[in-house]
Amino acid sequence: MNLLPTITTADVQEQSPRVAVLPIGSYEQHGAHLPLVTDTAIACIITRELSAAYRVLTLPPISIACSHEHGTWPGTVSISARTLHAVVTDIADSLEAAGVRKLVLVNAHGGNYVLSNIVQEANLVEPRMTLFPHGREWARAREHAGLVSNAHDDMHAGEIETSILLHAEPSLVRPGYETADHDGGDRPFLLTLGMREYTDSGVIGFPSYATAEKGEAVLASLTASFASHLEALGEK
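Description of the structure in this document. (Residues numbered from 1 in each chain as written. Predicted model: local features only at pLDDT ≥ 70, side-chain atom pairs only at ≥ 80, totals over all residues. Heavy atoms only, no water.)

1. Digging into the layout of surface pockets
Quantified by volume, the largest pocket comes out at close to 760 Å³. Around the largest pocket, the lining is made up of 31 residues, and of these Ala108, His109, Gly110, Trp138 and Met155 lie nearest the centre. The set of elements that each furnish at least two residues to the lining of the largest pocket consists of α2 (38-53), α4 (114-122), α5 (135-145) and α6 (159-168). Top contributing element to the lining of the largest pocket by residue count: α5, with 4 residues. Classifying every residue of the lining of the largest pocket gives 13 nonpolar, 11 polar and 7 charged. (1 Å grid on protein atoms, 1.4 Å probe; cavity = no way out; pocket = protein on both sides within 12 Å on 5 of 7 lines; lining within 4 Å. Points joined across faces, edges and corners; volume = space filled by probe spheres on them. Helix = DSSP H or I, 4+ residues; strand = E, 2+ residues; numbered from the N terminus. Nonpolar A, V, L, I, M, F, W, Y, C, P; charged D, E, K, R; others polar.)

Here is the structure:
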């Protein structure tokens, strides 16, 4: 598995990208069949697809973020929303100093709520930053790929995440996903009570429905959707 960019400074100089893409994941439990690095891997996989289709500067990932709702599971590590805000804005400032003024945050962890605020702040004067994928783009990808589950019921370590990894990095998926389904219900107090209140296994979703073919279709849909983000930033 090689999800880190391997370009050189000469490559970047030749490419002269105007937009950078920053994958942001997490380091948190994903049941017994997916690794702690799942969200980071998925953010990197999406970014890898985007860089193959568009002229963008691929950055290495932020691999530890806001996973506090998973904090009682062994292995989960979090940073504060304040720290994530500072890291992303520092990266944006550094890119601007190097002549890359536009940034796309590719987020694969739903708990990174602060990223929306960062994007709001960055675009006060002109379009400089966008957050990808939006909820509607995930929904479109689910429909395009023929997923059985919906985003609410398939929240964590379920059909969509397992499918993406089965396609792009199958070595990360361990046996047992075929019998790991769990319905977490409505989860009205997830942020107050944490994941433990709604799942004993750490899974909320339906990984038994996952296939590599669905994962490939999800990524294809997301890659197509990315064009509108470049347009929003004033880029073709």
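2. Describing the side chain of asparagine 107
Structurally, asparagine 107 is set in strand β3 (residues 102-107). For asparagine 107, a relative accessible area of 12% corresponds to the buried category. In contact with asparagine 107, not counting residues within four places along its chain, are Ile24, Asn112, Leu115, Leu131, Phe132, Pro133 and Trp138. (Buried < 20%, exposed > 50% of the residue type's maximum accessible area, 1.4 Å probe, protein only. Contact = heavy atoms within 4.5 Å.)

3. Quick word on the pattern of salt bridges
Evaluation of the coordinates by the stated rule reveals 7 salt bridges. Of the charged contacts in the structure, one is a salt bridge between glutamate 126 and arginine 101, with a shortest N-O distance of 2.6 Å. Residue glutamate 126 is located in the loop between α4 and β4 (129-132), and its partner arginine 101 is located in the loop between α3 (81-97) and β3; the two are separated by 25 residues in the primary sequence. A salt bridge links glutamate 235 to lysine 102; the shortest N-O distance between them is 3.0 Å. Of this pair, glutamate 235 sits in the segment after α8 (212-232) while lysine 102 is found in strand β3, placing the two residues 133 residues apart along the sequence. Of the residues examined, lysine 102 reaches a relative accessible area of 12% and is grouped as buried. Within the structure, one salt-bridge network assembled from shared partners comprises Arg18, Lys102 and Glu235. (Salt bridge = Lys/Arg side-chain N within 4 Å of Asp/Glu carboxyl O.)

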